[in-house]
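Tertiary structure, described
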Amino acid sequence: MHAELAVAPPVATPVRAERSPGTVVARLSARRAARSGAVWGLIFGLTIASSEVSYTRIYTTRAERDALAAAYGSNKATSALFGPAPQLQTVGGFTVFKISMTLMILGAVWGLLTSTRLLRGEEDSGRWDLLLTGQTTRRSATAQALAGLGAGAGTLWLLTAVIAVLSGRGSKVGIAAGPSLYLALALVTTAVMFLAVGTLTSQLAETRRQAASYAAIFLGVSYALRMIADAGVGLHALIWASPLGWVEELQPITAPQPLALLPIIALTAVLAAVAVHLAGIRDVGAGIVAGRSHSHPHLALLSGPTGLAIRLLRATIMAWWVAIAAAALLYGLIAKSAGATISGSSVREVFAKLGAPGTGTDAVLGVCFLVLAVLVAFVGAGQITAACAEESGGRLDHMLVRPVSRASWLSGRLVVAVTVLVLSGVGAGIFAWLGAASQHSSVGFTTLLGAGVNLVPPAIAILGIGVLAFGIRPRTTSVVVYGLLGWSFLVVIVGGIGAANHWVLDTSVFHHMASAPAVSPDWEANGIMTGIGVASALVGGLAFWRRDLQGE
Amino acid sequence: MATAIRMEGLTKRYGDVVALDHLDLEVARGEVVGYLGPNGAGKTTTIRLLLGLSRPTEGRGEIFGLDCQLQPVEVHRRLAFVPGEANLWPSLTGGETLALLGRVHGHVDEAYRDELIDRFDLDPTKKVRAYSMGNRQKIILVAALMVRPDLLLLDEPTNGLDPLMEQAFRHCIGEARGRGQTVFLSSHILSEVEALCDRVGILREGRLVEIGTLAEMRHLSALSVEATFDGAVPHLSGVPGVRSVETSGRVVRCQVRGSIHPLLRALADADVTELVSREPSLEELFLALYGGGGGEGRAR
């Protein structure tokens, strides 16, 4: 018997045609960049709004505003840190001075992290290969990704601008829509430049971390040049050598100078064009700066999971340590001359509101050490997100299927992290002292060493809370630690000058840190913060022990 | 014989999804056991529970009498694991990775390691980033084999290996068996399982549906028979136990379940010039079990 084989006629299956396959990469990048751009736009906008509102509430009389202007108007220390403060008698001038440097740097960090994630990160993961097998070329895909990043920056600007305009319309604030839009534009320009910087470094480097590091070095140099230019040491022309300086020269609200947009646009265009060109001449997966594919074995640190952590993180740790030490040295160098410009009781009052009472070098360093505290906390946050990445990348499995317990792995990582934090704090203290001593400042070594150690407890709190997130919901670790860090900094910067609600202030890890060396470290508060960190880490460690590991 | 692996009612649920459903399974020391199932049947889940990387919802697993969840470090001293995906540290070289993993394990047969590096044709000075997927897999294989563990837990270990290296792998597993090591091999490559394993367990939607030697499992599928005739081709479709009859010219192919006697009687009257019968391969057994579709997407 013959088997009956009925052959069905071919059925025309309707295939949905992609309307514009040539823009898939652009749309994909735009969606991802716009999502984070929206979050940061909200943060930028609310920061502007809270600064404007708090100013109008706190500085209600002419006398108070004049006192503020006298304190900061010619203060080279705050000028070096946060940029010049030309019109502190007005809400607009105050807001620009108060928030612009912080938001410019946050915008730059957002730009470099987003662009390296969406370009080199995608390439690292192999997803870029899939996209390139579609109807596109390497150059076109890079150009499209840039367009997508541009949409992300557009979203960042839009939300910042909408909130800034709404806040400016408040009866007491009274900033017109035009200046508010221009302020939002100025704040977003650093993000735009660093999106382009990150796109270029994604072509140069072979890994995402390397690409982000190159871009971060560029940011660090830009900040240092701008700082020297604003420090009142006769080098103001250097402002034009720094991309952050150009943004400062836009002078939103106080004395708008749209011409400063020209170098910003030119740099962005050149970087973007070079990045697109390089994308076409290199192999996918490789960088222009070729990494070594072979190496002699270096086994000294590879004795166990903790040694491995040191080996993997040593370059990043060293880079942070050098950045912290360099910043501390710079602050030490400028502290005395900057402190000399502070005088009068009104000034003392303003500095006291920032948590650094008194006058002179101590007070200036007290404010400077807040910035160092943020840097040290960044190191803590980076340590726990690196541990988290070991797990999500599937590499932790290789340790835990061998005779290594979860507890010993995690505690080893935390010992490394805390050691790095202590070394960072001590380094900050020593280098600030070296800078200050070279200027024959009277601040003592032990005082500054104490001020350095004082930076560690907030970072331990952030590290511990990061372990908690890692133990309970590992995917949220990065959002929790960097979110808490950003929030804590914004709360002290925006709330520090005014009487913000104490519940809000209490949520900031930096609020509880005494502004040493302006005042003595508050060891009791430090003990509580360290305790919060340790307790969170213990609970997080227990949760980590109980849960499933997230293999890739 | 002493037990290497024992699972009792091992169950893993992710919310409403049951990844592994009351699994009872024992593996004797020195045995090589294959573990089969389609994607999502729960193979990797089983292995991650045995390794203590995941926590069971119910039940327990033991390796060499040690509880997998409560004594993971002691358990891990006696085993080595090879995952199907080699996510290693990109900045380390192959040699550094082997040194690290060996030191973490605590005991390495260095001569055997060097031999394995040769056999798998590895360049240990190369950075992991520069290795192909297959070469990264080789590193993981060498790292597991070089510690000469009592138990090898292998989860699709030959992913990305070329046929020559696949052969080298089979040779190594043969050696391990010769040394009395226990092997638990989860694989998609049925010929590999057929060639290496003493027993095979088949998992479907989180449940163990079959376990036994290949000979014991033959009953799962039919005997394949192919007959060539000189004269008229007889009608075989009505013969008891005979199914899937296909005729092509003077050749008839069919499957026989149960006794072959009725078919032989039917053929006796016909003019048969050639008769070939063949036992089902593991692939045919597997397909017979999964004819109705697998449990795609149920678990990792």
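This structure is a prediction, so every number in the text was calculated from the model and none was measured. (Residues numbered from 1 in each chain as written. Chains lettered and ligands numbered in written order. Predicted model: local features only at pLDDT ≥ 70, side-chain atom pairs only at ≥ 80, totals over all residues.)

Before going further, it helps to examine the overall build of chain B. Scanning chain B from N- to C-terminus turns up 10 helices and 14 strands. Counting only C-alpha atoms and orienting by the principal axes, one finds that chain B spans roughly 70 × 45 × 35 Å. For chain B, the residues scored as buried account for 42% of the 300 residues in total. Contacts spanning at least 24 positions in sequence make up 71% of the contacts within chain B whose residues lie at least 6 apart. (Helix = DSSP H or I, 4+ residues; strand = E, 2+ residues; numbered from the N terminus. Buried ≥ 20, exposed ≤ 12 C-beta atoms within 10 Å, placed from the backbone. Contact = placed C-beta atoms within 7 Å.)

In terms of regular secondary structure, chain A is built from 20 helices and zero strands. Radius of gyration (C-alpha) of chain A: 25 Å, near the 24 Å computed for a compact globule of 552 residues. For chain A, the C-alpha atoms occupy an extent of roughly 110 × 60 × 45 Å along the three principal directions. For chain A, long-range pairs separated by at least 24 residues make up 76% of all intrachain contacts whose partners lie at least 6 apart in sequence. (Rg over C-alpha atoms; globule rule 2.2 N^0.38 Å.)

Before going further, it helps to spend a moment on the interface of chain A and chain B. Listed by partner, the interface residues are 34 residues for chain A and 36 residues for chain B. Where the side of chain A that touches chain B is concerned, the elements lending two or more residues are α11 (305–340) and α14 (396–400) of chain A. For the side of chain A that touches chain B, the element with the most residues is α14 of chain A, which contributes four residues. For the side of chain A that touches chain B, the per-class residue count stands at 14 nonpolar, 14 polar and six charged. (Nonpolar A, V, L, I, M, F, W, Y, C, P; charged D, E, K, R; others polar.)

For helix α15 (residues 406–438) of chain A, which comprises 33 residues, the first-to-last C-alpha distance of 48 Å matches the rise-based estimate of 48 Å (1.5 Å per residue) to within 8%. Where α15 of chain A terminates, the next one or two residues include His-440 of chain A, which has phi positive at roughly 55°. (Expected span 1.5 Å × (residues − 1).)

Right, let's get into the sheet that holds strand β5 (residues 66–67) of chain B. Pairing in this open sheet of four strands is antiparallel, and the strands run β2-β1-β4-β5 (chain B) from one edge to the other. Each end of this open sheet is capped by a strand with a single partner; those strands are β2 (17–28) and β5 of chain B. (Pairing = 2+ DSSP bridges.)

Turning our eyes to something else, we now look at the domain arrangement of chain B. The domains assigned to chain B are domain 1 (3–217) and domain 2 (222–279). Summarising the inter-unit geometry, the C-alpha centres of domain 1 of chain B and domain 2 of chain B are found 43 Å apart. (Domains from an automatic or database assignment.)

On to the packing of helix α7 (residues 177–204) of chain A against helix α10 (residues 261–281) of chain A. Residue and element names in this part refer to chain A. Across the interface, α7 lies against α10 with an axial gap of 8 Å and an inter-helix angle of 20°. When the axis of α7 is compared with that of α10, the two are roughly parallel. In this structure, α7 crosses over α10, and the sense of that crossing is left-handed. Contacts between α7 and α10 involve Thr-189, Val-192, Met-193, Ala-196, Val-197, Thr-199, Leu-200 and Gln-203 on the former and, on the latter, Ile-264, Leu-267, Thr-268, Leu-271, Ala-272, Val-274, Ala-275, Leu-278 and Ala-279. When the residues that make up the contact of α7 with α10 are grouped by side-chain class, the tally is 13 nonpolar, four polar and no charged. (Axes fitted to C-alpha atoms, helices over the stretch in contact; angles between N-to-C directions. Parallel < 35°, antiparallel > 145°, perpendicular 65-115°, else oblique. Left-handed = near helix turned anticlockwise from the far one by under 90°.)

Take the packing of helix α1 (residues 24–58) of chain A against helix α6 (residues 138–168) of chain A next. All names here are of chain A. One can describe the packing of α1 onto α6 by two numbers: an axis separation of 6 Å at closest approach and a directional angle of 25°. Relative to α6, the element α1 is oriented roughly parallel. Taken as a pair, α1 and α6 cross one another with a handedness that is right-handed. Grouping the constituent residues of the contact of α1 with α6 by class yields 26 nonpolar, 11 polar and two charged.

This part takes up the pairing of strand β8 (residues 182–186) of chain B. Residue and element names in this part refer to chain B. Burial within β8 is extensive, with five of its five residues counted as buried. Across four bridges, strand β3 (residues 32–36) lies against β8 in parallel orientation. Following the sheet pairing, Val-33 is matched in β8 by Phe-184. As paired elements, strand β7 (residues 151–155) and β8 share five bridges and run parallel to each other.

Take the confidence of the model for chain B next. Taken as a whole, chain B shows an average pLDDT of 90; of its residues, 95% reach a score of 70 or greater. Across the predicted assembly, pTM comes out at 0.80 and ipTM at 0.85. (pLDDT = per-residue confidence, 0-100.)

Moving on, we come to the environment of Leu-225 of chain A. All names here are of chain A. Relative to the elements of secondary structure, Leu-225 occurs in helix α8 (residues 208–230). For Leu-225, a count of 19 C-beta atoms within 10 Å gives the class partly exposed. Counting along the chain gives 11 residues from Leu-225 to His-236, while the straight-line C-alpha distance between them is 9.6 Å. Not counting chain neighbours up to four residues away, the residues in contact with Leu-225 comprise Leu-238, Ala-241, Ser-242 and Gly-245.

It is worth spelling out the sheet that holds strand β10 (residues 207–212) of chain B at this point. Residues and elements named next belong to chain B. Reading across from one edge, β6-β7-β8-β3-β9-β10 is the order of the six strands in this open sheet, with mixed pairing throughout. Among the strands making up the open sheet, the edge pair consists of β6 (79–82) and β10. Pairs of neighbouring strands in the sheet enclose a mean axial angle of 15°, with direction left out of account. This element, helix α1 (residues 43–50), spans β3, β7, β8 and β9 (199–204) of the sheet and lies at about 145° to β7. In the packing of helix α6 (residues 163–178) onto the sheet, contacts are made with β3, β7 and β8, and the angle to β8 comes to roughly 145°.

For the rest of this paragraph, the subject is the pairing of strand β12 (residues 242–248) of chain B. Residues and elements named next belong to chain B. Of the strand pairs in this sheet, β12 and strand β13 (residues 251–256) are connected by five bridges, and their pairing is antiparallel. Note that in β13 the partner of Ser-248 across the bridge is Val-251. Connecting β12 to the antiparallel partner β13 that follows it, the hairpin turn spans two residues, and Gly-249 within it adopts a positive phi of roughly 65°.

On average, chain A scores 88 in pLDDT, and the residues at 70 or more come to 91%. Taken together, the stretch residues 1–7 of chain A has pLDDT below 50 and engages in eight contacts with residues farther than four places along the chain or on a different chain.

Another point: unusual backbone geometry. A negative phi angle characterises most non-glycine residues, just as the trans form characterises most peptide bonds. Omega for the bond connecting Ala-516 of chain A with Pro-517 of chain A falls within 30 degrees of zero, at 5°, which places this linkage in the cis form. Within the secondary structure layout, Pro-517 of chain A lies in the loop between α19 (502–506) and α20 (523–546). Residue His-22 of chain B is not a glycine yet carries a positive backbone phi of 45°. Here His-22 of chain B shows up in strand β2. Unlike most non-glycine residues, Glu-156 of chain B shows phi in positive territory, near 50°. With respect to the element layout, Glu-156 of chain B can be found in the loop between β7 and α6. We classify Glu-156 of chain B as buried; it has 20 C-beta atoms within 10 Å.

Right, let's get into the environment of Ile-202 of chain B. All names here are of chain B. Checked against the element boundaries, Ile-202 lands in strand β9. With 23 C-beta atoms packed within 10 Å, Ile-202 lands in the buried category. Considered as a pair, Ile-202 and Gly-61 are 141 residues apart in the sequence and their alpha carbons are 18 Å apart. In contact with Ile-202, other than residues within four places in its own chain, are Leu-36, Gly-37, Val-209, Glu-210 and Leu-289.

We now examine the nonpolar core. Residues Val-376 and Ile-462 of chain A are the most contacted members of the largest nonpolar core, which totals 243 residues. If one sorts the elements of this core by residue count, helix α13 (residues 360–392) of chain A sits on top with 18 residues. Excluding residues that lie within four positions of it along the chain, Ile-462 of chain A makes contacts with Ala-377, Gly-380, Ala-381, Val-481, Leu-484, Leu-485 and Val-509 of chain A. Formed by nine residues, the second largest nonpolar core is a distinct cluster that contains Val-242, Cys-254, Val-256 and Leu-263 of chain B. (Core = buried A, V, L, I, M, F, W, Y, C linked by C-beta atoms within 7 Å.)

To continue, consider the environment of Arg-292 of chain A. Examined against the element boundaries, Arg-292 of chain A turns out to sit in the loop between α10 and α11. Residues Arg-292 of chain A and Glu-206 of chain A, 86 residues apart in the sequence, show an inter-C-alpha distance of 10.0 Å.

Once that is clear, we can look at helix α5 (residues 133–145) of chain B. Residue and element names in this part refer to chain B. Over its 13 residues, α5 extends 19 Å from the first C-alpha to the last, a length consistent with the 18 Å expected when each residue adds 1.5 Å. Counting buried positions over the 13 residues of α5 gives 11, a clear majority of the element. Among the residues making up α5, those that are buried are Asn-135, Arg-136, Gln-137, Lys-138, Ile-139, Ile-140, Leu-141, Val-142, Ala-143, Ala-144 and Leu-145. Buried residues along α5 sit against β6, α3 (94–105), α4 (110–119), β7 and α6.

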